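Structural features, examined
Each chain, letter by letter, is given below.
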Amino acid sequence: MESVFSNVARAPEDPILGVTVAYNKDPSPVKINLGVGAYRTEEGKPLVLDVVRRAELQLVNDQTRVKEYIPIVGLADFNKLSAKLILGGDSPAIKENRVATIQCLSGTGSLRVGAEFLTKHYHQNVIYIPKPTWGNHPKVFNLAGLSVEYFRYYDPTTRGLDFQGLIEDLGAAPSGAIVLLHACAHNPTGVDPTPEQWEQIRQLIRSKSLLPFFDSAYQGFASGSLDTDAQSVRMFVADGGECLIAQSYAKNMGLYGERVGALSIVCKSADVASKVESQVKLVVRPMYSSPPIHGASIVATILKSRERNRTPGDWSHIIKQIGMFTFTGLNTEQVAFMTKEHHIYMTSDGRISMAGLSSKTVPHLADAIHAAVARLG
Amino acid sequence: MASSMLSLGSTSLLTREINKDKLKLGNSGSNPFLKAKSSSRVTMMTVAVKPSRFEGITMAPPDPILGVSEAFKADTNELKLNLGVGAYRTEELQPYVLNVVKKAENLMLERGDNKEYLPIEGLAAFNKATAELLFGANHPIIKEQKVATIQGLSGTGSLRLAAALIERYFPGAKVLISSPTWGNHKNIFNDAKVPWSEYRYYDPKTIGLDFEGMIADIKEAPEGSFILLHGCAHNPTGIDPTPEQWVKIADVIQEKNHIPFFDVAYQGFASGSLDEDAASVRLFAERGMEFFVAQSYSKNLGLYAERIGAINVVCSSADAATRVKSQLKRIARPMYSNPPVHGARIVANVVGDATMFNEWKAEMEMMAGRIKTVRQELYDSLVSKDKSGKDWSFILKQIGMFSFTGLNKAQSDNMTNKWHVYMTKDGRISLAGLSLAKCEYLADAIIDSYHNALLYWKTPIEL
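Since this is a predicted model, take the numbers as computed values, not measurements. Each chain carries its own residue numbering, running from 1 in the written order of its sequence. Starting at A for chains and at 1 for ligands, labels are handed out in the order in which the entities are written. Given that this is a predicted model, residues contribute local features only at a pLDDT of at least 70 and side-chain atom pairs are listed and counted only at 80 or more, while totals for whole chains, interfaces and linings are drawn from all residues. With hydrogens and water set aside, each side-chain value is computed from the structure's full complement of heavy atoms.

**Thoughts on the overall build of chain A**
Quick reminder of the rule: In this text, helices come from DSSP runs of H or I with a minimum length of four residues, and strands from runs of E with a minimum of two, each type numbered from the N-terminal end. To get the radius of gyration, use the C-alpha atoms; to get the globule rule, take the number of residues to the power 0.38 and multiply by 2.2 Å. Contacts: residue pairs with any heavy atoms within 4.5 Å of one another. Note on areas: Shrake-Rupley with a 1.4 Å probe; residue coverage comes only from the protein chains shown. His residues and chain termini do not enter the charge count, which takes Lys and Arg as positive and Asp and Glu as negative. A charge is said to be at NZ when it belongs to Lys, at CZ for Arg, at CG for Asp and at CD for Glu.
Scanning chain A from N- to C-terminus turns up 15 helices and 13 strands. Relative to its length of 377 residues, chain A is compact, with a C-alpha radius of gyration of 21 Å against a globular reference of 21 Å. A principal-axis box enclosing the C-alpha atoms of chain A has dimensions of 65 × 60 × 55 Å. Relative to all contacts within chain A whose residues are 6 or more apart in sequence, the contacts with residues 24 or more apart total 75%. Summed over its atoms, the accessible surface of chain A is roughly 14100 Å², and 54% of this surface lies on carbon and sulfur atoms. In chain A, the 38 positive side-chain charges and the 36 negative ones have mean positions that sit 4 Å from each other.

**Some details on the domain arrangement of chain B**
Residues and elements named next belong to chain B. As a reminder, the rule being used: Boundaries of every domain are those given by an automatic assignment or by a domain database. The term buried area refers to how much accessible surface (probe radius 1.4 Å) is lost by two components on association, counted for both of them together. Think of a polar contact as two N or O atoms within 3.5 Å of one another; within protein, one of them needs to be a possible hydrogen donor and the other a possible acceptor, and neighboring residues in sequence only count if both atoms come from side chains. Residues are grouped as follows: Ala, Val, Leu, Ile, Met, Phe, Trp, Tyr, Cys and Pro are nonpolar; Asp, Glu, Lys and Arg are charged; every other residue, Gly included, is polar.
Taken domain by domain, chain B consists of domain 1 (64-96 + 365-453) and domain 2 (117-352). For domain 1 versus domain 2, the separation of C-alpha centres amounts to 28 Å. At the interface, 22 residues of domain 1 touch 21 residues of domain 2. In total, domain 1 and domain 2 occlude about 1700 Å² of area from one another, counting both sides; carbon and sulfur atoms represent 67% of this. When the buried surface of domain 1 facing domain 2 is broken down by residue, Ile399, Phe402 and Phe404 rank first, second and third, together holding 32% of it. Where domain 1 meets domain 2, there are five residue pairs in polar contact (both at pLDDT 80 or more). If you list the elements that add at least two residues to the side of domain 1 that touches domain 2, you get helix 15 (354-385) and strand 11 (402-404). With five residues, helix 15 is the largest single contributor of residues to the side of domain 1 that touches domain 2. Taken together, the residues that form the side of domain 1 that touches domain 2 break down as eleven nonpolar, six polar and five charged.

**A closer look at the UniProt feature "domain: Aminotransferase class I/classII large" (unreviewed entry) in chain A**
The following threshold applies: UniProt positions are given in the numbering used here, feature names are shortened, and annotations may be inferred rather than shown by experiment.
UniProt records the feature "domain: Aminotransferase class I/classII large" (unreviewed entry) for residues 31-307 and 314-369 of chain A in the present numbering. Within the segment residues 31-307 of chain A, helix and strand shares are 43% and 17% respectively, and the terminal C-alpha atoms sit 42 Å apart.

**Let's talk about the packing of aromatic side chains**
Put simply, the rule reads: Only rings of Phe, Tyr and Trp enter the pairing, Trp through its six-membered ring, and a pair is recorded when the two centres are within 6.5 Å. The plane angle decides the type: under 30 degrees is stacked, over 60 is edge-to-face, the rest tilted. To sort residues, take the accessible area from a 1.4 Å probe on protein chains only and compare it with the maximum for the residue type: under 20% means buried, over 50% means exposed, and anything in between is partly exposed. Geometrically, a charge over a ring is one whose NZ (Lys) or CZ (Arg) sits within 6 Å of the ring centre while staying within 35 degrees of the ring normal.
Scanning all chains against the criterion turns up 37 aromatic pairs over all chains. Aromatic pair A:Phe151 and A:Tyr153: ring centres 6.5 Å apart, planes at 70°, arrangement edge-to-face. Accessibility classification places A:Phe151 together with A:Tyr153 in one group, the buried group. Through a chain of ring-to-ring contacts, three or more aromatic side chains come together here, namely A:Phe5, B:Phe170, B:Phe189, B:Phe226, B:Phe261 and B:Phe292. A cation sits over an aromatic face here: B:Lys390 above B:Trp392, 4.9 Å from the ring centre. Note that B:Arg428 overlies the ring of B:Phe402, its terminal NZ or CZ placed 3.8 Å from the centroid.

**Brief notes about the UniProt feature "domain: Aminotransferase class I/classII large" (unreviewed entry) in chain B**
Taking the UniProt record as the reference, the feature "domain: Aminotransferase class I/classII large" (unreviewed entry) is found at residues 80-446 of chain B. Across residues 80-446 of chain B one finds 48% helix and 14% strand; the C-alpha atoms that close the span lie 14 Å apart.

**Examining the sheet that holds strand 10 (residues 309-314) of chain B**
Residue and element names in this part refer to chain B. Counted only if it meets this: Strand pairing is assigned whenever DSSP detects at least two bridges linking the two strands. Note on definitions: angles span 0 to 180 degrees between N-to-C directions of axes, and those axes are lines fitted to C-alpha atoms, for helices only across the stretch in contact.
The strand order 2-10-9-8-7-3-4 describes an open sheet built from seven strands, whose pairing is mixed. Strands at the two margins of the open sheet, each flanked by one partner only, are strand 2 (147-152) and strand 4 (196-200). For this sheet, the mean angle separating the axes of adjacent strands, direction not counted, is 25°. Where strand 3 (residues 175-179) lies against strand 7 (residues 226-230), two bridges are found, and the strand directions are parallel. Each bridged residue has a counterpart across the sheet, and for Leu176 the counterpart in strand 7 is Ile227. Together, strand 7 and strand 8 (259-264) form the strand contacts of helix 10 (residues 243-255), whose direction differs from that of strand 7 by roughly 165°. Seen against the sheet, helix 13 (residues 318-336) touches strand 2 and strand 10 and runs at an angle of roughly 15° to strand 2.

**Quick word on the layout of surface pockets**
This is how the line gets drawn: We place a 1 Å grid over just the protein atoms. Points where a 1.4 Å probe fits but has no way out form a cavity, open points with protein on both sides within 12 Å along at least 5 of 7 lines form a pocket, and any residue with an atom within 4 Å of a point lines it. Grid points are joined across faces, edges and corners, and a volume is the space filled by probe spheres set on the points.
Approximately 1200 Å³ is the volume found for the second largest pocket. Lining the second largest pocket are 46 residues, with A:Leu17, A:Gly18, A:Thr20, A:Val21 and A:Asn24 positioned closest to its centre. If you list the elements that add at least two residues to the lining of the second largest pocket, you get helix 1 (17-25), strand 1 (32-33) and helix 6 (137-144) of chain A together with helix 13 of chain B.

**Some details on helix 3 (residues 66-74) of chain B**
When helix 3 of chain B is considered as a whole, its buried residues turn out to be B:Gly67, B:Val68, B:Ser69 and B:Phe72. As for helix 3 of chain B, its buried residues are in contact with strand 1 (81-82) and strand 12 (421-422) of chain B.

**Remarks on unusual backbone geometry**
Residues and elements named next belong to chain B. The residue after Ser179, namely Pro180, is reached through a cis peptide bond having omega 0°. The topology assignment puts Pro180 in the loop between strand 3 and helix 8 (183-191). A cis amide bond links Asn235 to the next residue, Pro236, at an omega of 20°. If you trace the backbone, Pro236 turns up in the loop between strand 7 and helix 10. A positive phi angle, near 60°, is found at Leu93, a position not held by glycine. Its location among the elements puts Leu93 in the loop between strand 1 and helix 4 (99-111). Phi angles above zero are rare outside glycine, and Ala233 is one such case at about 55°.

**Points about the pattern of salt bridges**
Note the cut-off: Whenever a carboxyl oxygen of Asp or Glu lies within 4 Å of a side-chain nitrogen of Lys or Arg, that contact is scored as a salt bridge.
Counted by the stated rule, this structure contains 43 salt bridges over all chains. With a shortest N-O distance of 2.9 Å, A:Glu68 and B:Arg89 are connected by a salt bridge. Separated into two different chains, A:Glu68 in the loop between helix 2 (50-61) and helix 3 (76-87) and B:Arg89 in the loop between strand 1 and helix 4 make up a pair that spans both. Like B:Arg89, A:Glu68 is buried. Note that B:Lys186 is salt-bridged to B:Glu198, the shortest N-O span being 3.6 Å. Of this pair, B:Lys186 sits in helix 8 while B:Glu198 sits in strand 4; the two residues are twelve residues apart in sequence, bridging distant segments of the chain. Take B:Lys186: its relative accessible area is 29%, and that puts it in the partly exposed class. Classification of B:Glu198 by relative accessible area gives partly exposed; the value is 37%. Members of the salt-bridge network, linked through shared partners, are A:Arg53, A:Glu56, A:Glu258 and B:Lys115.

Here it is, written out as structure tokens:
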């Protein structure tokens, strides 16, 4: 009997996560993985933050803790603290109960749930995303039912921001369109607008009633300061307007595999926020019913003690040691050459994760780049 | 949805009109390097008159199952009993974290496991363990690599992945679900845009299985339909087909080239035996059929909040399984990228260690045993207190966490309003939330509601 799956083709490996798959297969002793954005120590090992370990120990040893289903919207403490983290503790939006915050599965989950909500309840089904952007963004939005358009962002000639192009393209967007903005540490370019440029972007967005959807995956990780890295978001919230925010704790707390994040929807009124939250629950229930408890409990424990002790977080020494993504300007041919001949694993768009580099491996990388450029200039 | 879209549309028109006037104010002569304060004052005015983009959104109703617990919490009466959501409780009506789970968590901490991203398909050790638990470690379909297994977010998440695969690769195919079934099944297929219809299942006259109706409806469905089956401990009725009936169900499914789709949320929890509870799934595997199985570890390992489960797709060849697995990954990546590690590690550790595995089996037998004991006690109480001669034996015939009492909405409301017994409106009670000590009270409530509720309800109108 013929298989009912005969028409199911083999999908290619994910372009980003597949780099690690290929890296793992390579037996070369000099291989380097500069693909996926996960922090590595100087010795090239993954790192679990001390503050995370301590929180976990506390949780696992707490005899009163249970594993009952948490609410569809996630842990209440976690949600409150996450909103405070990104918006600031004194945010009027929070004081006025205008923020609906829902614990989701890291950044991806927050983006997907937010996008599904917008498809169901928002009148505009187009989202403008920067060119380039994280490889998974267009897929998340398409599968949620939004159509995707691009606005100019990266200027390859200057290796900086194409601000003029950005303003033109967003200026030409239909009124009410959704706009994806990287809150800081743009992935994959590492190029961010200046505060002055952010202000202009804000004015343009508000004047056209575009709906901002922030992706905040690096708060605290980019500059070392949680507040600085949240400035773009806070600027928009300060003008009283509405926006969506997807937060991830994968990088800044090193909780990658625990899938911890939050979707915040900043609304005009408390009444609207409460209705919005009730509708987001209807998106979550048929997707996974309720989010996982472990990672969110760790985050809540840490943020609670941070509030009590008023310390700005133990992450700064780590942040200074690592960077973000860098766009090398290498083309796909050169990248392929570096992978094949020098066992350097990176995404084909020329992006490298600085987090995967150590002082020991820098010379190897430099040699490889030199060879690629010399050979395939 | 359509009406809220329309009102949003007129809201946006209004917004555009307002913006046309305000645009001049906002843009003319604005210096790009104007200090944030002054420009935001200007924009504040613009923004203040704009209504919310979400103005037309209505308040969604509370979830029919999870909403029951919320109502229970609000009740201050000391006699109250929560028989709503299906989460296991001890005799003291406390939540239960399995000892073997605590052991595994401590082990994981001691080892200093890292928190790296799992692959999109989840933890390999978990995927291997879960397929082996379901089919048996030495099953040919596992040896021949014919099963595509990927870790999912418990039962719901696994069902959703499968539904998305069905929508993509079996366009127009329908899923048949039992009448009744777990409330969230419909939501999952609706959101995944997979059409569904119902097959007869529960017979209110017998408080048993409408087997003839079930077979007839499955036969009538268009060839190549998906048939959603509860592997054991049917939710909400607790009524399972007998082994002989399962054979006939497999026959008619094969006859019509339908694709079975099992929801296995209670393996080990129904009878107390992992193997016995997997019998229905294994019967289908023996037939060489291609089918889907969604698994959950919420109940049998008490890992409710960790969201750990799996979707298994049994294919006719290893090549098909590879292709299907790759496509399931393509669905997971834009949904949540990769699944959470914690629950998966707990399962892999428990199943992977012989001592812990045996401890788990013992704890599971204990949990299933407590429920069986409570069933018997409830039945005994009903029989001794009810003088009407009504046959309550259906309670003993049902299996698993839930019992369909046969109470209708009015009677269920009486349970709550008069007796402070919280349950779902379809007459389902969760025996996992019942203690031996409360069986007599519950029996009183059921007898009163069954015989008198309609009287209570009718009286004001008759007046």
